[in-house]
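Here is what each chain is made of, one letter per residue.
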Amino acid sequence: MTLTPELDPFKLAKALSGKHLIGGAFMPAALGKTFAVDNPATCEEIATAAFGTREDVDAAVASAKAAQKEWARQSARARGKLVAECGRVLANHVEELGRLVALETGKALRTESRVEAGVLADMFVFFGGLGSELKGETIPFNPDMLTVTVREPVGVVACIIPWNVPLLLMAMKAAAALVAGNSVVVKSAEEAPLTVLRVAEIMNTVLPPGLFNMLSGFGPECGAPLVEHPDVKKVSFTGSVETGRIVYKAAAEKLIPVTLELGGKSPMIVCADADMDQAVAGALAGMRFTRQGQSCTASSRLFVHESIHDEFVAKVKAKVDAMVMGDPLDEKTDIGTIVSDGQLDRVRSYIKLGEETKGATKHVCSAMPADPKLKKGRFVQPVIFTGMKNSDRLCQEEIFGPVCAVIKWSDYEEVIAQANDSEYGLAASIWTRDIKVAMDATRRLEAGFVQVNQNLVVQPTLSYGGVKTSGIGKEASLESMLEHFTHKKTIIFNMK
Ligand code: NAI
Ligand code: MG
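Quick caveat: nothing in here was measured; it's all calculated off a predicted structure.

## Notes on the UniProt feature "active site" (unreviewed entry) in the protein
Within this structure's numbering, the places UniProt gives as "active site" (unreviewed entry) are Glu 261. You can see Glu 261 is positioned in strand β11 (residues 258-261). In contact with Glu 261, other than residues within four places in its own chain, are Leu 169, Phe 237, Thr 238, Gly 239, Cys 296, Leu 426, Tyr 464, Ser 470 and Glu 475.

Written out as C-alpha coordinates, the structure is:
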(Lines give C-alpha, C1' and ligand atoms only; values in the text may rest on other atoms or scores of the structure.)
(Ligands and ions follow the chains in the order given, each with its own letter.)
Protein backbone atom coordinates (compact mmCIF):
# COMPACT_ATOMS: atom_id res chain seq x y z
CA MET A 1 0.00 0.00 0.00
CA THR A 2 1.22 3.50 -0.81
CA LEU A 3 -0.05 6.56 1.03
CA THR A 4 -0.61 9.78 -0.87
CA PRO A 5 1.00 12.83 0.75
CA GLU A 6 -1.60 15.12 2.35
CA LEU A 7 -0.35 18.66 1.97
CA ASP A 8 -3.08 20.31 4.02
CA PRO A 9 -1.68 19.97 7.56
CA PHE A 10 -4.97 20.97 9.21
CA LYS A 11 -6.79 18.17 7.40
CA LEU A 12 -4.03 15.69 8.20
CA ALA A 13 -4.03 16.70 11.87
CA LYS A 14 -7.75 15.99 12.09
CA ALA A 15 -7.37 12.64 10.35
CA LEU A 16 -4.69 11.57 12.83
CA SER A 17 -6.73 12.57 15.86
CA GLY A 18 -7.22 10.33 18.88
CA LYS A 19 -5.08 7.39 17.79
CA HIS A 20 -2.13 5.27 18.75
CA LEU A 21 -0.52 2.96 16.22
CA ILE A 22 -0.20 -0.52 17.70
CA GLY A 23 0.43 -3.80 15.88
CA GLY A 24 0.25 -2.11 12.48
CA ALA A 25 -3.18 -0.53 13.05
CA PHE A 26 -4.55 2.75 14.33
CA MET A 27 -6.49 2.43 17.56
CA PRO A 28 -7.97 4.70 20.20
CA ALA A 29 -6.64 4.80 23.76
CA ALA A 30 -7.73 1.78 25.80
CA LEU A 31 -9.52 4.04 28.28
CA GLY A 32 -11.01 6.12 25.45
CA LYS A 33 -9.45 9.36 26.64
CA THR A 34 -7.84 12.02 24.47
CA PHE A 35 -6.05 15.32 24.95
CA ALA A 36 -5.99 18.47 22.82
CA VAL A 37 -3.23 19.40 20.40
CA ASP A 38 -3.01 23.06 19.48
CA ASN A 39 -1.40 25.30 16.90
CA PRO A 40 1.14 27.40 18.83
CA ALA A 41 0.80 30.22 16.29
CA THR A 42 -2.87 30.80 17.23
CA CYS A 43 -3.45 28.60 20.30
CA GLU A 44 -6.43 27.06 18.49
CA GLU A 45 -7.10 23.35 18.81
CA ILE A 46 -6.17 21.46 15.62
CA ALA A 47 -6.54 17.84 16.72
CA THR A 48 -6.68 15.47 19.64
CA ALA A 49 -4.25 12.74 20.59
CA ALA A 50 -4.86 9.42 22.31
CA PHE A 51 -4.19 9.65 26.04
CA GLY A 52 -1.97 6.65 26.59
CA THR A 53 -1.97 4.68 29.82
CA ARG A 54 -0.54 1.42 31.13
CA GLU A 55 -3.18 -0.54 29.17
CA ASP A 56 -1.95 0.92 25.87
CA VAL A 57 1.66 0.32 26.89
CA ASP A 58 0.84 -3.34 27.57
CA ALA A 59 -0.75 -3.75 24.12
CA ALA A 60 2.09 -1.98 22.30
CA VAL A 61 4.84 -3.89 24.10
CA ALA A 62 3.06 -7.23 23.52
CA SER A 63 2.80 -6.54 19.81
CA ALA A 64 6.42 -5.38 19.66
CA LYS A 65 7.57 -8.49 21.51
CA ALA A 66 5.71 -10.81 19.16
CA ALA A 67 7.05 -9.09 16.03
CA GLN A 68 10.65 -8.91 17.21
CA LYS A 69 11.34 -12.66 17.16
CA GLU A 70 10.77 -13.07 13.43
CA TRP A 71 12.50 -9.76 12.65
CA ALA A 72 15.64 -10.84 14.52
CA ARG A 73 15.75 -14.06 12.46
CA GLN A 74 16.03 -12.12 9.20
CA SER A 75 19.49 -11.34 7.88
CA ALA A 76 20.85 -8.00 9.01
CA ARG A 77 21.04 -6.78 5.42
CA ALA A 78 17.43 -7.71 4.76
CA ARG A 79 16.38 -5.70 7.81
CA GLY A 80 18.55 -2.81 6.68
CA LYS A 81 17.00 -2.87 3.23
CA LEU A 82 13.50 -2.49 4.69
CA VAL A 83 14.61 0.34 6.99
CA ALA A 84 16.25 2.11 4.04
CA GLU A 85 13.03 1.58 2.11
CA CYS A 86 11.20 3.39 4.95
CA GLY A 87 13.60 6.28 4.37
CA ARG A 88 12.90 6.34 0.64
CA VAL A 89 9.14 6.30 1.18
CA LEU A 90 9.42 8.99 3.87
CA ALA A 91 11.41 11.12 1.41
CA ASN A 92 8.24 11.31 -0.73
CA HIS A 93 6.46 12.81 2.28
CA VAL A 94 8.96 15.52 3.21
CA GLU A 95 6.68 18.41 2.28
CA GLU A 96 3.71 16.84 4.05
CA LEU A 97 5.67 16.04 7.22
CA GLY A 98 7.38 19.42 7.22
CA ARG A 99 4.04 21.23 7.13
CA LEU A 100 2.51 19.08 9.84
CA VAL A 101 5.45 19.44 12.20
CA ALA A 102 5.45 23.22 11.57
CA LEU A 103 1.76 23.32 12.46
CA GLU A 104 2.03 21.36 15.70
CA THR A 105 5.37 22.71 17.01
CA GLY A 106 5.39 26.27 15.67
CA LYS A 107 8.77 25.81 14.00
CA ALA A 108 9.03 27.75 10.74
CA LEU A 109 8.54 25.55 7.68
CA ARG A 110 11.23 27.04 5.43
CA THR A 111 14.03 27.39 7.98
CA GLU A 112 13.34 24.43 10.27
CA SER A 113 10.48 22.02 9.73
CA ARG A 114 11.01 21.06 6.09
CA VAL A 115 14.70 20.61 6.80
CA GLU A 116 13.94 18.30 9.72
CA ALA A 117 11.61 16.16 7.60
CA GLY A 118 14.41 15.74 5.06
CA VAL A 119 16.91 14.64 7.70
CA LEU A 120 14.35 12.17 9.08
CA ALA A 121 14.22 10.37 5.73
CA ASP A 122 18.00 10.52 5.39
CA MET A 123 18.53 9.01 8.85
CA PHE A 124 16.55 5.89 7.88
CA VAL A 125 18.46 5.56 4.60
CA PHE A 126 21.75 5.96 6.47
CA PHE A 127 21.05 3.32 9.13
CA GLY A 128 19.46 1.04 6.54
CA GLY A 129 22.86 0.78 4.86
CA LEU A 130 24.56 -0.38 8.05
CA GLY A 131 22.93 -3.80 8.40
CA SER A 132 26.00 -5.73 7.32
CA GLU A 133 28.16 -3.75 9.75
CA LEU A 134 26.65 -5.69 12.67
CA LYS A 135 29.83 -7.75 12.70
CA GLY A 136 31.44 -9.77 15.43
CA GLU A 137 35.08 -10.67 16.03
CA THR A 138 37.27 -13.72 16.06
CA ILE A 139 39.52 -13.71 19.10
CA PRO A 140 42.95 -15.40 19.32
CA PHE A 141 42.13 -16.74 22.75
CA ASN A 142 43.40 -20.31 22.58
CA PRO A 143 44.65 -22.23 19.51
CA ASP A 144 42.44 -25.19 20.46
CA MET A 145 39.33 -23.09 20.65
CA LEU A 146 37.52 -21.04 18.05
CA THR A 147 36.32 -17.94 19.87
CA VAL A 148 33.93 -15.51 18.20
CA THR A 149 31.59 -12.72 19.19
CA VAL A 150 28.24 -11.93 17.62
CA ARG A 151 25.98 -8.91 17.97
CA GLU A 152 22.46 -9.74 19.10
CA PRO A 153 19.45 -7.45 19.44
CA VAL A 154 18.28 -6.57 22.93
CA GLY A 155 14.54 -7.06 22.22
CA VAL A 156 11.83 -4.44 22.67
CA VAL A 157 13.25 -0.91 22.76
CA ALA A 158 11.35 2.03 24.24
CA CYS A 159 12.07 5.40 22.65
CA ILE A 160 10.89 8.45 24.59
CA ILE A 161 11.17 11.66 22.66
CA PRO A 162 10.68 15.40 23.19
CA TRP A 163 8.90 17.97 21.02
CA ASN A 164 11.68 20.20 19.77
CA VAL A 165 12.92 17.99 16.91
CA PRO A 166 10.56 15.02 17.21
CA LEU A 167 11.23 13.55 13.75
CA LEU A 168 15.00 13.63 13.83
CA LEU A 169 15.30 12.47 17.44
CA MET A 170 12.87 9.62 16.88
CA ALA A 171 14.68 8.54 13.70
CA MET A 172 18.11 8.41 15.38
CA LYS A 173 16.75 5.98 17.92
CA ALA A 174 14.26 3.92 15.92
CA ALA A 175 16.32 3.43 12.75
CA ALA A 176 19.32 2.13 14.71
CA ALA A 177 17.16 -0.07 16.93
CA LEU A 178 15.32 -1.65 13.99
CA VAL A 179 18.37 -2.38 11.84
CA ALA A 180 19.99 -4.06 14.86
CA GLY A 181 17.02 -6.45 15.03
CA ASN A 182 14.96 -4.89 17.80
CA SER A 183 11.34 -3.83 17.76
CA VAL A 184 10.31 -0.38 18.91
CA VAL A 185 7.66 1.36 20.99
CA VAL A 186 7.89 5.14 20.72
CA LYS A 187 6.22 7.48 23.21
CA SER A 188 5.79 10.84 21.56
CA ALA A 189 5.92 14.17 23.40
CA GLU A 190 2.55 15.49 24.50
CA GLU A 191 3.26 18.77 22.66
CA ALA A 192 3.99 17.09 19.30
CA PRO A 193 2.20 13.75 18.84
CA LEU A 194 0.90 14.10 15.29
CA THR A 195 3.78 14.10 12.82
CA VAL A 196 5.56 11.14 14.39
CA LEU A 197 2.24 9.26 14.27
CA ARG A 198 2.03 9.96 10.55
CA VAL A 199 5.64 8.73 10.21
CA ALA A 200 4.59 5.53 12.00
CA GLU A 201 1.68 5.10 9.59
CA ILE A 202 4.00 5.54 6.60
CA MET A 203 6.61 3.16 8.03
CA ASN A 204 3.95 0.55 8.66
CA THR A 205 3.28 0.40 4.91
CA VAL A 206 6.82 -0.99 4.61
CA LEU A 207 7.56 -2.86 7.86
CA PRO A 208 5.87 -6.00 9.24
CA PRO A 209 3.07 -5.13 11.70
CA GLY A 210 4.04 -4.74 15.35
CA LEU A 211 7.65 -3.86 14.75
CA PHE A 212 7.18 -0.11 15.07
CA ASN A 213 4.51 1.18 17.47
CA MET A 214 3.60 4.74 18.39
CA LEU A 215 1.95 5.83 21.62
CA SER A 216 0.94 9.33 22.62
CA GLY A 217 0.49 10.54 26.17
CA PHE A 218 2.06 12.18 29.16
CA GLY A 219 5.13 11.22 31.16
CA PRO A 220 3.67 9.83 34.39
CA GLU A 221 0.71 8.01 32.78
CA CYS A 222 2.36 6.66 29.62
CA GLY A 223 6.15 7.20 29.70
CA ALA A 224 6.68 5.75 33.18
CA PRO A 225 4.78 2.46 32.62
CA LEU A 226 6.65 2.02 29.34
CA VAL A 227 10.03 2.30 31.07
CA GLU A 228 8.84 -0.01 33.86
CA HIS A 229 7.35 -2.68 31.59
CA PRO A 230 9.15 -6.00 32.19
CA ASP A 231 9.38 -6.79 28.46
CA VAL A 232 11.05 -3.49 27.59
CA LYS A 233 14.76 -4.28 27.48
CA LYS A 234 16.29 -0.92 26.63
CA VAL A 235 15.27 2.72 26.92
CA SER A 236 16.53 5.51 24.72
CA PHE A 237 15.44 8.88 26.08
CA THR A 238 15.83 12.50 25.00
CA GLY A 239 14.52 15.30 27.20
CA SER A 240 15.25 17.17 30.40
CA VAL A 241 17.84 16.24 33.00
CA GLU A 242 15.09 16.00 35.60
CA THR A 243 13.11 13.40 33.64
CA GLY A 244 16.31 11.69 32.55
CA ARG A 245 17.09 11.00 36.21
CA ILE A 246 13.62 9.48 36.76
CA VAL A 247 14.01 7.26 33.69
CA TYR A 248 17.51 6.19 34.73
CA LYS A 249 16.30 5.19 38.20
CA ALA A 250 13.38 3.18 36.85
CA ALA A 251 15.67 1.42 34.39
CA ALA A 252 18.20 0.74 37.15
CA GLU A 253 15.49 -1.05 39.10
CA LYS A 254 15.09 -3.41 36.12
CA LEU A 255 18.83 -3.45 35.34
CA ILE A 256 18.36 -2.54 31.71
CA PRO A 257 20.61 -0.30 29.59
CA VAL A 258 19.68 3.31 28.95
CA THR A 259 20.79 6.00 26.55
CA LEU A 260 20.14 9.54 27.77
CA GLU A 261 20.39 12.65 25.66
CA LEU A 262 19.70 15.52 28.03
CA GLY A 263 20.18 19.25 28.21
CA GLY A 264 22.98 21.65 27.42
CA LYS A 265 24.35 25.14 27.91
CA SER A 266 26.87 25.05 25.12
CA PRO A 267 29.71 27.57 24.96
CA MET A 268 30.76 29.28 21.75
CA ILE A 269 34.15 30.98 22.12
CA VAL A 270 34.95 33.70 19.61
CA CYS A 271 38.62 34.74 19.53
CA ALA A 272 39.96 38.13 18.45
CA ASP A 273 41.32 36.71 15.19
CA ALA A 274 38.11 34.89 14.15
CA ASP A 275 36.64 35.54 10.70
CA MET A 276 34.00 38.02 11.80
CA ASP A 277 31.31 37.24 9.23
CA GLN A 278 31.77 33.50 9.56
CA ALA A 279 31.53 33.70 13.35
CA VAL A 280 28.46 35.94 13.23
CA ALA A 281 26.72 33.45 10.92
CA GLY A 282 27.87 30.71 13.28
CA ALA A 283 26.37 32.45 16.29
CA LEU A 284 23.00 32.68 14.51
CA ALA A 285 23.11 29.03 13.49
CA GLY A 286 24.46 27.88 16.84
CA MET A 287 21.88 29.72 18.90
CA ARG A 288 19.16 28.23 16.64
CA PHE A 289 17.38 31.58 16.49
CA THR A 290 15.16 30.20 13.71
CA ARG A 291 13.98 27.53 16.17
CA GLN A 292 13.42 30.02 18.97
CA GLY A 293 16.50 28.58 20.65
CA GLN A 294 14.61 25.36 21.43
CA SER A 295 17.64 23.13 21.00
CA CYS A 296 19.69 21.08 23.41
CA THR A 297 22.88 22.09 21.57
CA ALA A 298 22.00 25.80 21.38
CA SER A 299 25.21 27.80 21.81
CA SER A 300 23.50 29.94 24.40
CA ARG A 301 26.70 30.98 26.19
CA LEU A 302 28.50 33.22 23.75
CA PHE A 303 32.02 34.17 24.87
CA VAL A 304 33.30 37.06 22.73
CA HIS A 305 36.82 38.53 22.96
CA GLU A 306 36.73 42.07 24.31
CA SER A 307 38.56 43.52 21.29
CA ILE A 308 35.72 42.59 18.91
CA HIS A 309 32.84 42.35 21.38
CA ASP A 310 30.82 45.46 20.48
CA GLU A 311 31.11 45.00 16.72
CA PHE A 312 30.28 41.31 17.01
CA VAL A 313 27.19 41.82 19.14
CA ALA A 314 25.97 44.65 16.87
CA LYS A 315 26.32 42.40 13.82
CA VAL A 316 24.52 39.47 15.45
CA LYS A 317 21.72 41.74 16.59
CA ALA A 318 21.37 43.29 13.11
CA LYS A 319 21.04 39.82 11.58
CA VAL A 320 18.41 38.70 14.10
CA ASP A 321 16.57 42.00 13.61
CA ALA A 322 16.36 41.20 9.91
CA MET A 323 14.67 37.85 10.61
CA VAL A 324 10.93 37.70 10.11
CA MET A 325 8.75 36.34 12.90
CA GLY A 326 5.42 35.04 11.71
CA ASP A 327 3.14 32.16 10.80
CA PRO A 328 5.31 29.02 10.82
CA LEU A 329 3.61 27.82 7.62
CA ASP A 330 4.40 31.02 5.73
CA GLU A 331 7.43 30.69 3.43
CA LYS A 332 8.53 34.22 4.35
CA THR A 333 8.81 33.35 8.03
CA ASP A 334 12.26 32.84 9.54
CA ILE A 335 11.23 32.45 13.19
CA GLY A 336 8.06 30.73 14.43
CA THR A 337 6.75 30.31 17.94
CA ILE A 338 7.48 28.75 21.29
CA VAL A 339 5.85 25.31 21.53
CA SER A 340 3.68 25.46 24.67
CA ASP A 341 2.41 27.67 27.47
CA GLY A 342 4.75 25.92 29.89
CA GLN A 343 7.77 26.76 27.76
CA LEU A 344 6.50 30.30 27.22
CA ASP A 345 6.31 30.87 30.98
CA ARG A 346 9.76 29.41 31.41
CA VAL A 347 11.29 31.61 28.71
CA ARG A 348 9.60 34.75 30.05
CA SER A 349 10.76 34.00 33.57
CA TYR A 350 14.36 33.75 32.33
CA ILE A 351 14.05 37.02 30.43
CA LYS A 352 12.82 38.62 33.65
CA LEU A 353 15.74 37.08 35.51
CA GLY A 354 18.11 38.56 32.91
CA GLU A 355 16.56 42.00 33.40
CA GLU A 356 17.21 41.68 37.12
CA THR A 357 20.79 40.44 36.71
CA LYS A 358 23.40 42.97 37.86
CA GLY A 359 25.41 44.40 34.98
CA ALA A 360 23.28 42.82 32.26
CA THR A 361 21.92 44.80 29.28
CA LYS A 362 18.94 43.51 27.34
CA HIS A 363 18.81 43.77 23.54
CA VAL A 364 15.43 42.83 22.09
CA CYS A 365 15.60 41.69 18.47
CA SER A 366 13.30 41.29 15.45
CA ALA A 367 9.63 42.29 15.76
CA MET A 368 6.38 40.65 16.79
CA PRO A 369 4.26 39.51 13.83
CA ALA A 370 1.79 42.14 12.65
CA ASP A 371 -0.90 39.68 11.48
CA PRO A 372 -3.90 39.98 13.89
CA LYS A 373 -4.64 36.25 13.39
CA LEU A 374 -1.43 35.54 15.29
CA LYS A 375 -2.26 37.79 18.25
CA LYS A 376 -2.71 34.86 20.61
CA GLY A 377 0.29 32.95 19.26
CA ARG A 378 3.24 32.07 21.51
CA PHE A 379 5.66 34.51 19.92
CA VAL A 380 8.63 35.84 21.86
CA GLN A 381 11.11 38.32 20.44
CA PRO A 382 14.65 36.94 20.64
CA VAL A 383 16.75 38.53 23.36
CA ILE A 384 20.50 38.99 23.65
CA PHE A 385 21.86 39.82 27.09
CA THR A 386 25.31 41.41 27.22
CA GLY A 387 27.37 42.09 30.30
CA MET A 388 26.79 38.60 31.66
CA LYS A 389 29.06 36.64 33.98
CA ASN A 390 29.40 32.87 33.55
CA SER A 391 28.29 32.40 37.15
CA ASP A 392 24.94 34.14 36.49
CA ARG A 393 21.97 31.78 36.53
CA LEU A 394 21.21 32.74 32.95
CA CYS A 395 24.58 31.25 31.99
CA GLN A 396 24.23 28.12 34.11
CA GLU A 397 20.66 26.96 33.49
CA GLU A 398 19.17 25.64 30.27
CA ILE A 399 16.51 28.05 29.02
CA PHE A 400 15.47 26.29 25.80
CA GLY A 401 14.31 29.56 24.33
CA PRO A 402 15.49 32.55 22.26
CA VAL A 403 17.71 33.99 24.97
CA CYS A 404 21.42 34.34 24.31
CA ALA A 405 23.88 35.34 27.06
CA VAL A 406 27.04 37.14 25.92
CA ILE A 407 30.13 37.09 28.12
CA LYS A 408 33.10 39.33 27.33
CA TRP A 409 36.51 37.71 27.74
CA SER A 410 40.16 38.69 27.56
CA ASP A 411 42.24 35.83 28.98
CA TYR A 412 42.34 32.51 27.09
CA GLU A 413 42.97 30.32 30.15
CA GLU A 414 40.08 31.99 31.93
CA VAL A 415 37.64 31.57 29.06
CA ILE A 416 38.40 27.85 28.76
CA ALA A 417 37.89 27.46 32.51
CA GLN A 418 34.59 29.34 32.34
CA ALA A 419 33.39 27.38 29.30
CA ASN A 420 33.95 24.22 31.33
CA ASP A 421 32.39 25.65 34.47
CA SER A 422 28.96 24.16 33.76
CA GLU A 423 27.07 21.07 34.83
CA TYR A 424 26.47 20.38 31.12
CA GLY A 425 28.77 19.06 28.42
CA LEU A 426 26.85 18.56 25.19
CA ALA A 427 28.42 20.80 22.54
CA ALA A 428 31.05 23.54 22.25
CA SER A 429 32.72 25.56 19.54
CA ILE A 430 35.84 27.71 19.14
CA TRP A 431 36.26 30.37 16.46
CA THR A 432 39.84 31.28 15.53
CA ARG A 433 42.30 31.23 12.62
CA ASP A 434 45.06 29.99 14.92
CA ILE A 435 45.40 26.23 14.49
CA LYS A 436 47.28 25.83 17.79
CA VAL A 437 44.55 27.56 19.75
CA ALA A 438 41.91 25.50 17.95
CA MET A 439 43.71 22.22 18.69
CA ASP A 440 44.26 23.13 22.32
CA ALA A 441 40.65 24.19 22.87
CA THR A 442 39.16 21.12 21.21
CA ARG A 443 41.17 18.93 23.54
CA ARG A 444 40.25 20.86 26.66
CA LEU A 445 36.57 21.69 26.15
CA GLU A 446 34.40 19.28 28.13
CA ALA A 447 31.71 18.34 25.61
CA GLY A 448 30.67 15.45 23.40
CA PHE A 449 30.49 17.46 20.17
CA VAL A 450 33.17 20.11 19.60
CA GLN A 451 33.51 22.17 16.44
CA VAL A 452 36.00 24.68 15.07
CA ASN A 453 34.67 27.58 13.00
CA GLN A 454 31.23 26.06 12.50
CA ASN A 455 28.11 25.05 14.39
CA LEU A 456 26.62 22.11 12.51
CA VAL A 457 23.61 20.27 13.92
CA VAL A 458 23.39 16.47 14.34
CA GLN A 459 24.61 14.61 11.25
CA PRO A 460 23.90 11.00 10.30
CA THR A 461 27.24 9.14 10.73
CA LEU A 462 28.73 11.40 13.47
CA SER A 463 28.46 10.16 17.05
CA TYR A 464 26.37 12.58 19.03
CA GLY A 465 25.83 12.76 22.79
CA GLY A 466 27.05 14.56 25.87
CA VAL A 467 29.21 14.24 28.96
CA LYS A 468 28.49 15.39 32.54
CA THR A 469 24.73 15.89 33.05
CA SER A 470 24.16 16.17 29.30
CA GLY A 471 23.73 12.45 29.11
CA ILE A 472 25.01 8.94 28.63
CA GLY A 473 25.76 7.25 25.33
CA LYS A 474 25.88 8.26 21.69
CA GLU A 475 23.41 8.45 18.85
CA ALA A 476 23.33 8.89 15.06
CA SER A 477 26.34 6.69 14.23
CA LEU A 478 27.35 3.11 13.52
CA GLU A 479 28.97 2.87 16.97
CA SER A 480 25.75 4.07 18.57
CA MET A 481 23.88 1.21 16.93
CA LEU A 482 26.47 -1.37 17.95
CA GLU A 483 26.98 -0.16 21.51
CA HIS A 484 23.47 0.83 22.46
CA PHE A 485 21.09 -1.41 20.53
CA THR A 486 22.87 -4.78 20.62
CA HIS A 487 24.66 -6.90 23.12
CA LYS A 488 27.79 -8.82 22.37
CA LYS A 489 27.66 -12.58 22.82
CA THR A 490 30.91 -14.51 23.18
CA ILE A 491 30.91 -18.05 21.71
CA ILE A 492 33.72 -20.55 22.32
CA PHE A 493 34.05 -23.81 20.37
CA ASN A 494 36.30 -26.41 21.91
CA MET A 495 38.00 -28.02 18.88
CA LYS A 496 40.01 -30.69 20.71
P1 NAI B 1 10.59 16.28 29.61
O2 NAI B 1 11.92 15.72 29.86
O3 NAI B 1 9.64 16.35 30.72
O4 NAI B 1 9.87 15.47 28.42
C5 NAI B 1 10.54 14.67 27.46
C6 NAI B 1 9.75 13.38 27.24
O7 NAI B 1 9.75 12.61 28.43
C8 NAI B 1 8.28 13.60 26.88
O9 NAI B 1 7.89 12.63 25.93
C10 NAI B 1 7.58 13.36 28.20
O11 NAI B 1 6.25 12.97 28.08
C12 NAI B 1 8.43 12.23 28.77
N13 NAI B 1 8.33 12.03 30.22
C14 NAI B 1 8.04 12.96 31.17
N15 NAI B 1 8.04 12.39 32.38
C16 NAI B 1 8.33 11.08 32.22
C17 NAI B 1 8.47 9.96 33.10
N18 NAI B 1 8.31 10.08 34.42
N19 NAI B 1 8.79 8.76 32.58
C20 NAI B 1 8.97 8.61 31.26
N21 NAI B 1 8.82 9.61 30.38
C22 NAI B 1 8.52 10.85 30.84
O23 NAI B 1 10.82 17.73 28.95
P24 NAI B 1 9.76 18.93 28.77
O25 NAI B 1 8.83 18.96 29.95
O26 NAI B 1 9.18 18.82 27.42
O27 NAI B 1 10.73 20.19 28.78
C28 NAI B 1 11.27 20.74 29.97
C29 NAI B 1 12.70 21.21 29.73
O30 NAI B 1 13.52 20.10 29.40
C31 NAI B 1 12.91 22.16 28.56
O32 NAI B 1 12.66 23.48 28.89
C33 NAI B 1 14.35 21.92 28.23
O34 NAI B 1 15.18 22.65 29.07
C35 NAI B 1 14.55 20.45 28.50
N36 NAI B 1 14.44 19.64 27.26
C37 NAI B 1 15.57 19.17 26.66
C38 NAI B 1 15.47 18.49 25.47
C39 NAI B 1 16.67 17.98 24.76
O40 NAI B 1 16.66 17.89 23.55
N41 NAI B 1 17.69 17.57 25.45
C42 NAI B 1 14.20 18.26 24.80
C43 NAI B 1 13.06 18.75 25.54
C44 NAI B 1 13.20 19.41 26.71
MG1 MG C 1 8.11 17.70 31.52
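## Structural notes on the sheet that holds strand β16 (residues 403-409)
Think of a sheet as strands paired side by side through backbone hydrogen bonds, with each pair either parallel or antiparallel. Reading across from one edge, β14-β15-β16-β13-β12-β18-β19 is the order of the seven strands in this open sheet, with mixed pairing throughout. Each edge of the open sheet carries a strand with a single partner, namely β14 (361-364) and β19 (449-452). Put simply, the sheet's adjacent strands are angled 20 degrees from each other on average, direction ignored. Docked against the sheet, helix α12 (residues 341-356) engages β14, β15 (383-386) and β16, running at close to 30 degrees with respect to β15.

## Quick look at the domain arrangement of the protein
What the domain assignment reports for the protein is domain 1 (9-262 + 470-492) and domain 2 (267-452). With 29 residues of domain 1 in contact, the opposing surface of domain 2 contributes 29 residues. Both faces combined, the contact of domain 1 with domain 2 buries some 2,400 Å², and carbon together with sulfur accounts for 54% of it. Interface area lost by domain 1 to domain 2 is led by Arg 110, Trp 163 and Ser 470, which between them contribute 23%.

## Side note on unusual backbone geometry
Backbone phi values are negative for most residues with the exception of glycine, while trans is the configuration of most peptide bonds. Positive phi is not limited to glycine here, since Arg 288 has a value of about 55 degrees. Mapped onto the elements of the fold, Arg 288 is located in the loop between α10 (276-287) and β13 (301-305).

## Digging into the packing of helix α3 (residues 76-91) against helix α5 (residues 109-128)
For the pair α3 and α5, the least separation of the axes is 7 Å and the interaxial angle reads 160 degrees. Of the possible angle classes, the one that applies to α3 and α5 is roughly antiparallel. Pair α3 / α5 crosses with left-handed handedness. Where α3 abuts α5, its residues Gly 80, Lys 81, Val 83, Ala 84, Cys 86, Gly 87, Arg 88, Leu 90 and Ala 91 lie against Leu 120, Ala 121, Phe 124, Val 125 and Gly 128. The residue inventory of the contact of α3 with α5, partitioned by class, reads nine nonpolar, three polar and two charged.

## With respect to the UniProt feature "domain: Aldehyde dehydrogenase" (unreviewed entry) in the protein
The feature "domain: Aldehyde dehydrogenase" (unreviewed entry), as given by UniProt, occupies residues 33-491 in the numbering adopted here. Between the first and last C-alpha atoms of residues 33-491 the distance is 49 Å; the span itself is 41% helix and 21% strand.

## Describing the side chain of Ser 422
Summarising the element assignment, Ser 422 is placed in the loop between α14 (412-420) and β17 (424-425). A distance of 3.0 Å separates a polar atom in the side chain of Ser 422 from the backbone nitrogen of Tyr 424. Apart from the residues lying within four places of it in its own chain, the contact partners of Ser 422 are Lys 265, Arg 301, Gln 396 and Lys 468.

## Points about empty space enclosed by the protein
In the structure shown here, the tally under the stated rule is five cavities of 30 Å³ or more. In this model, the largest cavity occupies a volume close to 90 Å³. Lining the largest cavity are 13 residues; nearest its centre among them are Arg 288, Thr 297, Ala 427, Gln 451 and Asn 455. Listing elements by their share of the lining of the largest cavity, those giving two or more residues are β18 (427-431) and β19. In terms of residues, the lining of the largest cavity owes the most to one element, β18, which gives three residues. The residue inventory of the lining of the largest cavity, partitioned by class, reads five nonpolar, seven polar and one charged.

## So, the packing of aromatic side chains
The final tally for this structure, using the stated rule, is six aromatic pairs. Feature note: the residues Phe 35, Phe 51 and Phe 218 constitute an aromatic cluster, connected by ring pairs. Over the face of the ring belonging to Phe 26 we find Lys 19, whose NZ or CZ atom lies 4.9 Å from the ring centre. The ring of Phe 51 is capped by Lys 33, whose NZ or CZ atom sits 4.2 Å from the centre of that ring.

Reading the values: rules and limits
- Residues numbered from 1 in each chain as written.
- Chains lettered and ligands numbered in written order.
- Predicted model: local features only at pLDDT ≥ 70, side-chain atom pairs only at ≥ 80, totals over all residues.
- Heavy atoms only, no water.
- UniProt positions renumbered as here; feature names shortened; annotations may be inferred.
- Helix = DSSP H or I, 4+ residues; strand = E, 2+ residues; numbered from the N terminus.
- Contact = heavy atoms within 4.5 Å.
- Pairing = 2+ DSSP bridges.
- Axes fitted to C-alpha atoms, helices over the stretch in contact; angles between N-to-C directions.
- Domains from an automatic or database assignment.
- Buried area = accessible area lost by both parts, 1.4 Å probe.
- Parallel < 35°, antiparallel > 145°, perpendicular 65-115°, else oblique.
- Left-handed = near helix turned anticlockwise from the far one by under 90°.
- Nonpolar A, V, L, I, M, F, W, Y, C, P; charged D, E, K, R; others polar.
- Polar contact = N/O pair within 3.5 Å; in protein donor to acceptor, adjacent residues only side chain to side chain.
- 1 Å grid on protein atoms, 1.4 Å probe; cavity = no way out; pocket = protein on both sides within 12 Å on 5 of 7 lines; lining within 4 Å.
- Points joined across faces, edges and corners; volume = space filled by probe spheres on them.
- Phe/Tyr/Trp six-rings, centres within 6.5 Å; stacked < 30°, edge-to-face > 60°.
- Lys NZ or Arg CZ within 6 Å of the ring centre and 35° of its normal.

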